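A look at the structure
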Amino acid sequence: MKLRQRPRRLRGNEVLRKMVRETRISRESLVYPMFVMDGADKVEEIASLPGQYRYTVDRMGEEISRLESVGINKVMLFGIPEVKDEIGSQAYAQDGVIQRALEYLKEEHPYMYRITDVCMCEYTSHGHCGVLKDNDVDNDETLKLLARTAVSHVKAGAQMVAPSDMMDGRIAAIREALDEEGFAEVPIMSYSVKYASAFYGPFRDAAGSAPAFGNRKSYQMDYHNRREALKEAMLDVSEGADIIMVKPAMSYLDLVREIHDNTNIPIAAYSVSGEYAMVKAAAQRGWINETEVVYEMAASAFRAGADIYITYYAKEIAEYLKGEWIG
Ligand code: PBG
């Protein structure tokens, strides 16, 4: 058979395959999400996320050291306060759990880059992502508290803030507040394209943040929509977002590509708790090869156009990458 083009020519061995590889993954692109809780001397495994833990501030160093040992130098922090109230006051309290975690990290692990999730749902007694009015989240009142939370995080040592609430205008509100406080250089990674997704189930167990009534569909996006994702992303760019996030990752890679092709700022894909839980559960039963599946998921996010991958599997991917050159 006379064939000019034989695609298999470039797949003949590992050296060749890696030479022509289109997507390269590096640990610099990975961010590890981490849960920090009030209290002292406690580490609790999260039932629906085996291998993931909640740490009190005095114990979080154990995990940070493990991350450092595999070369992961970026964390995104989620706080779990002891006391929740209607207005989520622990989100912006000076001695709140995130604020203390930031101070600890800045002091003890200065090379760990500090990103914080900015939202109200872990801090409100009703579990919604803002303050309520007539059983729905009051958008504009919530903006004030989000801006206050972001400023208090940065004052405590956050190097980047990541608002995940999905209120309209939050990027503008946070940008303005940060600028006023003299933090014009602190970047915002916006959860711009965040869908109302059942994939967040295990996270809500972990943070005790499931809404006490209703759901989040009046603020998070409807997953049937694609063009709306671009609308959200463009709005956030115009309001001053520096990085755009798409969340969840795996079922939403079409949006990663869409946003990648239509904007000129970095894109983050967040592989959420439900993605981790599914892989873990199947792996525990011996039904899939965990390492291979995790790496394949990561590669697909980068192939889709992500520059940053936020994942509970950051350490495992970093370990995998260490061995890569041998294979
Ligand atoms: C807070 C927030 C959530 C997640 C990240 N930030 C939960 C939610 O919106 O219900 C989910 C992360 C995950 O599932 O891993 N709003």
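Here is a short report on the structure shown in this document. (Residues numbered from 1 in each chain as written. Predicted model: local features only at pLDDT ≥ 70, side-chain atom pairs only at ≥ 80, totals over all residues. Heavy atoms only, no water.)

Next up on the list: the site of the ligand. Near the ligand there are 18 residues, and of these Lys 194, Arg 204, Lys 247, Ser 273 and Tyr 312 occur at the shortest range. A distance of 3.3 Å is found between a nitrogen atom of the ligand and a side-chain nitrogen or oxygen belonging to Asp 117. The side chain of Arg 204 places a nitrogen or oxygen atom 2.6 Å from an oxygen atom of the ligand. Starting from 400 Å² of accessible surface for the ligand in isolation, the protein chains cover 100%. Looking at the shell around the ligand, the elements that each hand over two or more residues are strand E9 (189-194) and helix H6 (201-207). In terms of residue class, the shell around the ligand is built from 9 nonpolar, 3 polar and 6 charged. (Near = heavy atom within 4 Å. Polar contact = N/O pair within 3.5 Å; in protein donor to acceptor, adjacent residues only side chain to side chain. Areas by Shrake-Rupley, 256 points an atom, 1.4 Å probe, with all protein chains shown as cover. Helix = DSSP H or I, 4+ residues; strand = E, 2+ residues; numbered from the N terminus. Nonpolar A, V, L, I, M, F, W, Y, C, P; charged D, E, K, R; others polar.)

This brings us to the side chain of Asp 138. Of note, Asp 138 is situated in the loop between strand E7 (136-137) and helix H4 (139-156). When neighbours within four sequence positions are excluded, Asp 138 is seen to be in contact with Val 131, Leu 132 and Lys 133. (Contact = heavy atoms within 4.5 Å.)

For the rest of this paragraph, the subject is the packing of aromatic side chains. Summed over all chains, the structure comprises 12 aromatic pairs. Feature note: the residues Phe 35, Phe 78, Tyr 191, Phe 203, Tyr 270, Tyr 276, Tyr 312 and Tyr 313 constitute an aromatic cluster, connected by ring pairs. Over the ring of Tyr 200 we find Lys 194; its NZ or CZ atom is 5.5 Å from the centre of that ring. The lysine or arginine in question, Lys 247, covers the ring of Tyr 200, its NZ or CZ lying 4.1 Å from the ring centre. (Phe/Tyr/Trp six-rings, centres within 6.5 Å; stacked < 30°, edge-to-face > 60°. Lys NZ or Arg CZ within 6 Å of the ring centre and 35° of its normal.)

Within the secondary structure, Gly 305 sits in the loop between helix H10 (290-304) and strand E12 (308-311). Residue classification places Gly 305 among the buried residues on the basis of a relative accessible area of 7%. As for Gly 305 and Ala 268, which are separated by 37 residues in sequence, their C-alpha atoms are 8.8 Å apart. (Buried < 20%, exposed > 50% of the residue type's maximum accessible area, 1.4 Å probe, protein only.)

Turning next to the pattern of salt bridges. This structure, assessed with the given rule, holds 19 salt bridges. Its salt-bridge partner being Arg 66, residue Glu 63 comes within 2.9 Å of it at the nearest N-O pair. Linking Glu 63 with Arg 66, this pair stays in helix H2 (residues 60-69), spanning 3 residues, or about one helical turn. Under the relative-accessibility criterion, Arg 66 is labelled partly exposed at 38%. Put simply, Arg 175 and Asp 242 hold a salt bridge, and the shortest N to O gap is 3.9 Å. Taken together, the residues Arg 175 in helix H5 (residues 170-180) and Asp 242 in the loop between helix H7 (227-239) and strand E10 (243-247) connect sequence positions 67 residues apart. (Salt bridge = Lys/Arg side-chain N within 4 Å of Asp/Glu carboxyl O.)

Take unusual backbone geometry next. Cis peptide bonds are those with omega within 30 degrees of zero, and the linkage from Lys 247 to Pro 248 qualifies with -10 degrees. Mapped onto the elements of the fold, Pro 248 is located in the loop between E10 and helix H8 (253-262). We note that Asp 41 has phi near 55 degrees; this positive angle belongs to a residue other than glycine. For Asp 41, the location among the structural elements is in the loop between strand E1 (30-37) and strand E2 (43-46).

Packing of H2 against helix H3 (residues 97-108) brings their axes to within 11 Å, and their N-to-C directions diverge by 50 degrees. With respect to each other, H2 and H3 are oriented oblique. H2 and H3 meet at a crossing whose hand is right-handed. Listed contacts from H3 to Met 60, Gly 61 and Ile 64 of H2 are Ala 101, Tyr 104 and Leu 105. Tallied by class, residues from the contact of H2 with H3 come to 5 nonpolar, 1 polar and no charged. (Axes fitted to C-alpha atoms, helices over the stretch in contact; angles between N-to-C directions. Parallel < 35°, antiparallel > 145°, perpendicular 65-115°, else oblique. Left-handed = near helix turned anticlockwise from the far one by under 90°.)

A word on the pairing of strand E5 (residues 113-118). Most of E5 is tucked away: 5 of the 6 residues are buried. Pairing analysis gives 4 bridges linking strand E4 (residues 74-80) to E5, with the strands arranged parallel. Along E5, the bridge assignment pairs Leu 77 with Thr 116. Handedness of the crossover joining E4 and E5 through H3: right-handed. (Pairing = 2+ DSSP bridges. Right-handed = clockwise from strand over helix to strand, strands pointing away.)

The next thing to look at is the pairing of E4. For E4, a buried count of 7 out of 7 residues is recorded, marking the element as mostly surrounded by other parts of the structure. Alternating positions in E4 separate into two faces, Lys 74, Met 76, Phe 78 and Ile 80 on one and Val 75, Leu 77 and Gly 79 on the other, with burial throughout. Relative to E4, E1 runs parallel, the two being bridged by 6 bridges. Within E4, the position partnered with Pro 33 by the bridge is Met 76.

Before going further, it helps to spend a moment on the nonpolar core. Within the largest apolar cluster, 109 residues are counted, with the highest numbers of intra-cluster contacts made by Met 60, Met 76, Leu 77, Met 189 and Tyr 309. Among residues more than four places away in sequence, those in contact with Tyr 309 are Ser 29, Leu 30, Val 31, Ala 249, Ala 269, Ser 271, Met 297, Ala 298, Ala 301, Phe 302 and Ile 317. (Core = buried A, V, L, I, M, F, W, Y, C linked by side-chain atoms within 4.5 Å.)

Let us look at the packing of H10 against helix H11 (residues 314-324). The geometry of a pair of packed helices is captured by two quantities: the angle between their axes and the separation between those axes. Contact pair H10 / H11: the axes reach a minimum separation of 10 Å and the direction vectors enclose 95 degrees. Of the possible angle classes, the one that applies to H10 and H11 is roughly perpendicular. Taking contact as the criterion, the partners of Thr 291, Glu 292, Val 294, Tyr 295 and Ala 298 in H10 are, on H11, Ile 317, Tyr 320, Leu 321 and Glu 324. In the contact of H10 with H11, the residues fall into 6 nonpolar, 1 polar and 2 charged.

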